[in-house]
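Take a look at the letters that make up each chain.
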Amino acid sequence: MEEWRPDILALQETHLNNSDNLRIPNYTTYRTDRTTHRGGGTAILIKNSINHHPSPIHTTSFENTTITLDTYTNTNILIASIYRPPHGIINTRELDGLFNQGPKAIAVGDFNAKHPAWNRGRPNRNGNTIHTYIVDNNLVLIAPPEPTHFPYNHPSSSVLDFGILKNISTGDATSLNDLSSDHNPVLFKIQANTNLSSPAKTYNIINWQHFSQLIHSQIPDNPKMDTADEIDTCINHLTNTINTALNLSTKTKVIKGKFRQLPKFILDKIKIKNHHRKLYQQTLFPPYKRTAHRLQKDIQKDIDDFDNNRWNNIIKELNPEDNTLYDMNKKLARKFTPIPPILDTDGIRYTPLGKADAFRHSLENFFQVNPEPYCNSHINKVNHLVNNYHNHSTQNYQIDPISTDEVITLIKKLNPKKATGPDGISSRALRMITSNTTLLAVLCFAAVFYVAMAADSHDSIYDGPGRVVNVVTDHDGNIISYSKVL
């Protein structure tokens, strides 16, 4: 895992029970455990950064775990981890059910099938069946040239682990001598003509001092705002200046996580252990087996000591003064929780875009104008209650002039974690603006009040760009209602 960093990991013969855990950091696990008797089982582990969803397929002649990759080109790719037990015949109808799920498919695993097309020696019945199925359906076989199976009780070796591709023409398979199992892991490099992983994770670093200097130099102290058009121009200038200052003060860095690097002496032991294991599989000489088992125990102990020492060093370097203690607590407390699928009107949505569309459709259908005919009695009742409230209300609608200090106080209370609005200006950026910028916001706010009150109408509303204020006044110029957005 550390050396090859696979996007997807397909496992066969997992031998897992329901109570067993199979977890690897930064991967999502899907598994199909055998529940009838001991052995068997399949699983798929896929990087969290790859958009996908599970696609379970029921089969009886072979065990499988299946997922679907949601690509950016909307050409989904089916991925299946297959295990065919040694006894029994594979059902081609169940293969049809797997490969007919989508336009592209990749099925890899232990098929327990032999055929001269991918294995030296005589074919078996499953090998003939799979080879005929591949030829008849114009599929692509991808198998390593090296053996993948080295039985403990027999010196012969064979290729039982391979892949079958649909509508994917390029790929490469290599048998890796890296594990102690009688099956070698197989590395598949398949060009699917699409990007699977999401873009690299980045974070922004903002120089707030530079941001404040840019804002101070670009904002005028006393702009002209005599008409509605001039107010709109001033508000647009304020918004554009803040966004421009943010862009000029921001630097983007890519997060590059490093995998655990084992020391060279441990890697050398692993190579020696694998060499002795392979010698035993070829010769059945017992001393090779004993040496491989002894090295395996030593390697596991060395890895545990290495991990413990590395963790102890990390703990010793934690310091509350430079926030490393807080950062470590945040990392340990954070758990990855995949968002479950959402049921839309026309099916289940798995991708982030599909889930967003499902929410959009739900809200759009919910917030609709009431269909005709309207209930006139209810309308009259609401109008009566509103008019009665206004006629008997003693509330004073006179609003005191807003001051710069009041605006600064309100801005300082903004939640820095709140999402940005349509203008893209964050709360933290608003909290960092200078005094002349605050004064400009106050002037815009007062100018809108002046334009609205000068209209001298019962329901005259000035709605500029929709960013600052909406005002309603009566015939005497009194403000009935207002809403301000800074």
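Bear in mind the structure is a predicted one, so any value in this text is a computation, not a measurement.

A closer look at the overall build of the protein
Tallying secondary structure elements over the protein gives 12 helices and 17 strands in all. In the protein, which comprises 486 residues, the share counted as buried stands at 33%. Taking as baseline every contact in the protein between residues at least 6 positions apart, the subset at least 24 positions apart corresponds to 56%. As presented, the protein carries roughly 31,000 Å² of accessible surface, and 53% of it is formed by carbon and sulfur atoms.

Focus on the sheet that holds strand β5 (residues 63–69)
If you trace the six strands from one edge of the open sheet to the other, you get β4-β5-β6-β7-β9-β8, paired in mixed fashion. If you trace the sheet from one side to the other, it starts and ends with β4 (52–54) and β8 (140–142), each paired once. Within this sheet the neighbouring strands show an average axis-to-axis angle of 20°, counted without direction.

What to know about the packing of aromatic side chains
The full count for this structure, using the stated rule, is six aromatic pairs. With 4.6 Å between their ring centres and 40° between their planes, Trp-118 and Phe-162 make a pair best called tilted. Of this pair, Trp-118 sits in the loop between β7 (104–110) and α2 (125–136) while Phe-162 sits in strand β9 (residues 161–166), and the two are 44 residues apart along the sequence. You'll find Trp-118 and Phe-162 in the same group, each marked buried. Look at Trp-208 and Phe-211: their rings are 5.5 Å apart centre to centre, the planes differ by 90°, and that puts the pair in the edge-to-face class. Taken as a pair, Trp-208 and Phe-211 lie in helix α3 (residues 208–218) at a separation of three residues, close to a single helical turn. By relative accessible area, Phe-211 is classed as buried at 0%. Here the aromatic cluster, defined as three or more aromatic residues joined through ring pairs, consists of Phe-111, Trp-118 and Phe-162.

What to know about the nonpolar core
With 21 residues, the main nonpolar core has Ile-82, Leu-98, Phe-99, Phe-111, Ile-130, Phe-162 and Ile-164 as its most contacted residues. Counting only elements with at least two residues in this core, the list comes to β6 (77–83), α1 (92–99), β7, α2 and β9. Filtering out sequence-adjacent residues up to four positions away, Phe-99 remains in contact with Ala-105, Ala-107, Tyr-133, Leu-139, Ile-164 and Lys-166.

Structural notes on unusual backbone geometry
One non-glycine residue, Asn-167, lies in the positive phi region at around 60°. Accessibility expressed as a relative area gives 54% for Asn-167, which makes it exposed. Despite not being glycine, Asn-323 shows a phi value in the positive range, around 70°. For Asn-323, a relative accessible area of 45% gives the class partly exposed.

Description of the side chain of Glu-63
Note on placement: Glu-63 falls in strand β5. One polar contact links Glu-63 to Arg-34, side chain to side chain, over a distance of 2.6 Å. In contact with Glu-63, other than residues within four places in its own chain, are Arg-34, Gly-40, Gly-41, Thr-42, Ser-81, Ile-82, Tyr-83 and Pro-85.

A closer look at the packing of α3 against helix α4 (residues 228–248)
Where α3 meets α4, the closest approach of the two axes is 9 Å, and the angle between their N-to-C directions is 150°. Here the hand of the crossing between α3 and α4 comes out right-handed. Of the residues in α4, those touching α3 at Trp-208, His-210, Phe-211, Leu-214, Ile-215 and Gln-218 are His-237, Thr-241, Ile-242, Ala-245, Leu-246 and Leu-248. Its residues assigned to classes, the contact of α3 with α4 comprises eight nonpolar, four polar and no charged.

Describing the pairing of strand β3 (residues 42–47)
Summarising burial for β3: five of the six residues are buried, a large majority. In this sheet, β3 lies alongside strand β2 (residues 27–32) in antiparallel orientation, the contact comprising six bridges. Bridge pairing in β3 links Tyr-27 to Lys-47.

Digging into the pattern of salt bridges
On inspection of all chains with the given rule, the structure shows 11 salt bridges. Across the salt bridge formed by Lys-47 and Asp-7, the nearest N and O atoms sit 3.4 Å from each other. With a gap of 40 residues between them, Lys-47 in strand β3 and Asp-7 in the segment before β1 (8–12) connect regions that are remote in the sequence. A salt bridge links Asp-305 to Lys-301; the shortest N-O distance between them is 3.2 Å. Here Asp-305 pairs with Lys-301, and both are found in helix α6 (residues 286–317), just four residues apart, close to one helical turn. For Asp-305, a relative accessible area of 33% translates into the label partly exposed. Residues joined by salt bridges that share partners form a network here, namely Asp-357, Arg-360 and Glu-364.

Overview of the sheet that holds β2
Pairing within the open sheet is antiparallel, and its three strands lie in the order β1-β3-β2. Unpaired on one side and paired on the other, β1 and β2 mark the two borders of the sheet. Strand-to-strand twist across the sheet, computed as the mean angle between neighbouring axes with direction ignored, equals 15°. In the sheet, β1 pairs with β3 via five bridges, with the strands oriented antiparallel. Within β3, the position partnered with Leu-9 by the bridge is Leu-45.

Digging into the confidence of the model for the protein
With 81% of its residues at a pLDDT of at least 70, the protein reaches an overall mean of 79. When pLDDT is averaged over each element of the protein, β6 comes out on top at 94 and strand β17 (residues 479–484) at the bottom at 40. Within the model, pLDDT remains below 50 along residues 195–199, and this stretch shows 13 contacts once partners closer than five positions in the same chain are excluded.

Conventions we followed
Residues numbered from 1 in each chain as written. Predicted model: local features only at pLDDT ≥ 70, side-chain atom pairs only at ≥ 80, totals over all residues. Heavy atoms only, no water. Helix = DSSP H or I, 4+ residues; strand = E, 2+ residues; numbered from the N terminus. Buried < 20%, exposed > 50% of the residue type's maximum accessible area, 1.4 Å probe, protein only. Contact = heavy atoms within 4.5 Å. Areas by Shrake-Rupley, 256 points an atom, 1.4 Å probe, with all protein chains shown as cover. Pairing = 2+ DSSP bridges. Axes fitted to C-alpha atoms, helices over the stretch in contact; angles between N-to-C directions. Phe/Tyr/Trp six-rings, centres within 6.5 Å; stacked < 30°, edge-to-face > 60°. Core = buried A, V, L, I, M, F, W, Y, C linked by side-chain atoms within 4.5 Å. Polar contact = N/O pair within 3.5 Å; in protein donor to acceptor, adjacent residues only side chain to side chain. Left-handed = near helix turned anticlockwise from the far one by under 90°. Nonpolar A, V, L, I, M, F, W, Y, C, P; charged D, E, K, R; others polar. Salt bridge = Lys/Arg side-chain N within 4 Å of Asp/Glu carboxyl O. pLDDT = per-residue confidence, 0-100.

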